[in-house]
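# Residue-level structure breakdown
For reference, the chains in residue letters:
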Amino acid sequence: YLYVLEIINSKNHKARLVGGVVRDAILGIESEDIDIITTMLPEELIKVFRALGHKVLPTGIKFGTVSILYNGELFEVTTLRKDISSDGRHAKIEYTKDFYIDALRRDFTINALSYCPFAEKIFDYFHGIEHLTLGYVKFIGDPELRIQEDYLRILRFFRFFGKFGRKIDQNSFQACIKYKSFIKKLSRERIKSELNLILRLPNYCDIIRLMNDGSVLQEVLPLPYNLGLEKFVSAKKIAEKFGILLSTETKYALLFALSSNNISYTHLINLRFSRIEARHIDKLLAIKKENID
C-alpha cells in the first residue's frame, strides 16, 4: 500500500489509510481489507495508475471508489467525500479536500480513524481510540442522524458491538431500537449478509439476545417478540462441550425452531437463503416437528 500512497503523494495529492485497517492495527490484529482515502479524483487515479501499467477497476466509481491492482493485491482507493442527501441507504455525494469532512460521514468513531505512514500519525477526530480501548461502539455525532443516512447501520451496530464492544452505549442502542422498523427498507440480501456475520461471531448468542431485547431481531427474521432463547444458548454450550462447530444454517434452524410459525422452504427462499441453505434448514426443522431431540 505504501507504493500506492507514494504515487498519489508524488502527484501533489494527499492519501491516508482509513477505517478497519487502522482500527485493527491498534488492536494488534491483522486486517483483511486495506482502504485508502485521497484528495485525488477517481478519473485522475485511473489515468495515473493505468499509465504506470497497473490494472484499475472502477468498482464503485459512482461513489468515488476505484480498485488498484498492485503485486497481486487489490487496494480500494476512495476520493474524500461529503454527503449531500440520503434515501436511507445510498447517499448523494460531492467531493472534498478535507479529511475531517470525510470522517464525519462514517458510521462509528472506531471506524473513522485514519493514518498517514509518512507522518507516522493517526488522525482521531472523534475519540475513536479511547472508545476502542473502553469497548464502546458509538455513532459519530447524533446516532439518529447517522442511522437515518443508512439504516444498515442498525445491524452494523450490533455486529461491531459483538466484535469490539464491552459496554453498551445507550444513546446508540436506543437510536437503533427507535428506527428498527426502517430495516425493512433494506434489501433481504443485505439483511441476511449482516445476520450471517453476526451469527459467525464467537459471542453470537449475546448479540442475538441483545437484538431480541430491543425487538430488532423480529424486524429481520419472522420470529415472535419476547423470544425465549434458553434452548438457543443451550445448543451453543452443548456443542462447545463436545467440540462441535455449529454451522450458520444450524443456528438459523435453532432460532426458527423457537417459533410457532411454520417456516417453509419457500419462505426461506424469500428470505434469500440459497436452495442448499434452505434445504438444510428445512430438514432440521422437519426433525424438530417429528419431536426428535
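To keep things clear, this report deals only with the structure shown in the data block. (Residues numbered from 1 in each chain as written. Predicted model: local features only at pLDDT ≥ 70, side-chain atom pairs only at ≥ 80, totals over all residues. Heavy atoms only, no water.)

## Remarks on the overall build of the chain
- For the chain, the count of helices and strands is 15 helices and nine strands.
- Considering only C-alpha atoms, the chain reaches an extent of 70 × 40 × 40 Å along its principal axes.
- Here the chain, with 293 residues, has 48% of them falling under the buried criterion.
- The long-range share in the chain, meaning contacts at least 24 apart out of those at least 6 apart in sequence, stands at 60%.
- Only carbon and sulfur atoms are counted for the fraction: they give 51% of the accessible area of the chain, which is about 15,200 Å².
- Distance from the positive charge centre (44 side chains) to the negative charge centre (36 side chains) of the chain: 3 Å. (Helix = DSSP H or I, 4+ residues; strand = E, 2+ residues; numbered from the N terminus. Buried < 20%, exposed > 50% of the residue type's maximum accessible area, 1.4 Å probe, protein only. Contact = heavy atoms within 4.5 Å. Areas by Shrake-Rupley, 256 points an atom, 1.4 Å probe, with all protein chains shown as cover. Lys, Arg positive; Asp, Glu negative; His and termini not counted. Charge placed at Lys NZ, Arg CZ, Asp CG, Glu CD.)

## With respect to the environment of serine 86
- Residue placement: serine 86 occurs in strand S6 (residues 81–86).
- A sequence separation of 54 residues divides serine 86 from glutamate 32, and the C-alpha atoms of the two residues are 29 Å apart.
- When residues no more than four places from it in sequence are discounted, the contact partners of serine 86 are Ala91, Gln148 and Glu149.
- Engagement of the side chain of serine 86 in a polar contact is seen with the backbone oxygen of glutamate 149, the distance being 2.4 Å. (Polar contact = N/O pair within 3.5 Å; in protein donor to acceptor, adjacent residues only side chain to side chain.)

## Overview of the sheet that holds strand S5 (residues 73–79)
- Spatially, S3-S4-S5-S2-S1-S8-S9 is the arrangement adopted by the seven strands of the open sheet, whose pairing is mixed. Edge strands, defined here as strands with exactly one partner in the open sheet, are strand S3 (55–60) and strand S9 (121–123). Each strand axis lies, on average, 35 degrees off the axis of its neighbour in the sheet, ignoring direction.
- Alignment of strand S8 (residues 114–116) against S9, held across three bridges, turns out to be antiparallel. (Pairing = 2+ DSSP bridges. Axes fitted to C-alpha atoms, helices over the stretch in contact; angles between N-to-C directions.)

## Considering a negative patch on the surface
- Side chains of Glu30, Glu32, Asp33 and Glu76 sit close together on the surface and give a patch of like negative charge.
- Relative to the helices and strands, glutamate 30 is located in the loop between helix H2 (20–27) and strand S2 (35–38). (Patch = residues over 30% accessible without salt bridge, like charges linked within 9 Å, V, L, I, M, F, W, Y side chains within 5 Å. Salt bridge = Lys/Arg side-chain N within 4 Å of Asp/Glu carboxyl O.)

## Overview of helix H7 (residues 152–164)
- The terminal C-alpha atoms of H7, which comprises 13 residues, lie 18 Å apart, in line with the 18 Å expected from a rise of 1.5 Å per residue.
- The element H7 is extensively covered by neighbouring structure, given that 11 of its 13 residues are classed as buried.
- For H7, the set of buried residues is Leu152, Arg153, Ile154, Leu155, Phe157, Phe158, Arg159, Phe160, Phe161, Gly162 and Phe164. (Expected span 1.5 Å × (residues − 1).)

## Section: the packing of aromatic side chains
- In total, this model carries 18 aromatic pairs according to the counting rule given.
- Residues phenylalanine 108 and phenylalanine 139 carry aromatic rings whose centres are separated by 4.8 Å and whose planes lie at 45 degrees to one another, so their mutual orientation is tilted. Of this pair, phenylalanine 108 sits in the loop between helix H4 (99–104) and S8 while phenylalanine 139 sits in the loop between helix H5 (128–134) and helix H6 (143–149), and the two are 31 residues apart along the sequence. For the residue pair phenylalanine 108 and phenylalanine 139, the accessibility class agrees, reading buried in each case.
- Look at phenylalanine 160 and phenylalanine 164: their rings are 6.1 Å apart centre to centre, the planes differ by 20 degrees, and that puts the pair in the stacked class. (Phe/Tyr/Trp six-rings, centres within 6.5 Å; stacked < 30°, edge-to-face > 60°.)

## Re the packing of helix H13 (residues 248–257) against helix H15 (residues 275–289)
- Running from N to C, H13 and H15 cross one another at 45 degrees; their axes reach a closest spacing of 9 Å. With respect to their mutual orientation, H13 and H15 come out oblique. Two packed elements cross with a definite hand, and for H13 against H15 that hand is right-handed. Where H13 approaches H15, its residues Glu249, Thr250, Tyr252, Ala253, Phe256 and Ala257 are matched on the opposing element by Glu277, His280, Ile281, Leu284, Leu285 and Lys288. (Parallel < 35°, antiparallel > 145°, perpendicular 65-115°, else oblique. Left-handed = near helix turned anticlockwise from the far one by under 90°.)

## Some points on the pairing of S5
- Alignment of S2 against S5, held across four bridges, turns out to be parallel. For threonine 38, the partnering residue across the bridge sits in S5 and is threonine 79.
- One ladder, built from six bridges, connects strand S4 (residues 65–70) with S5; its direction is antiparallel. Bridge pairing links tyrosine 70 to glutamate 73 in S5.
- Hairpin connection of S4 to S5: two residues between the antiparallel strands, including asparagine 71 at a positive phi of 50 degrees.

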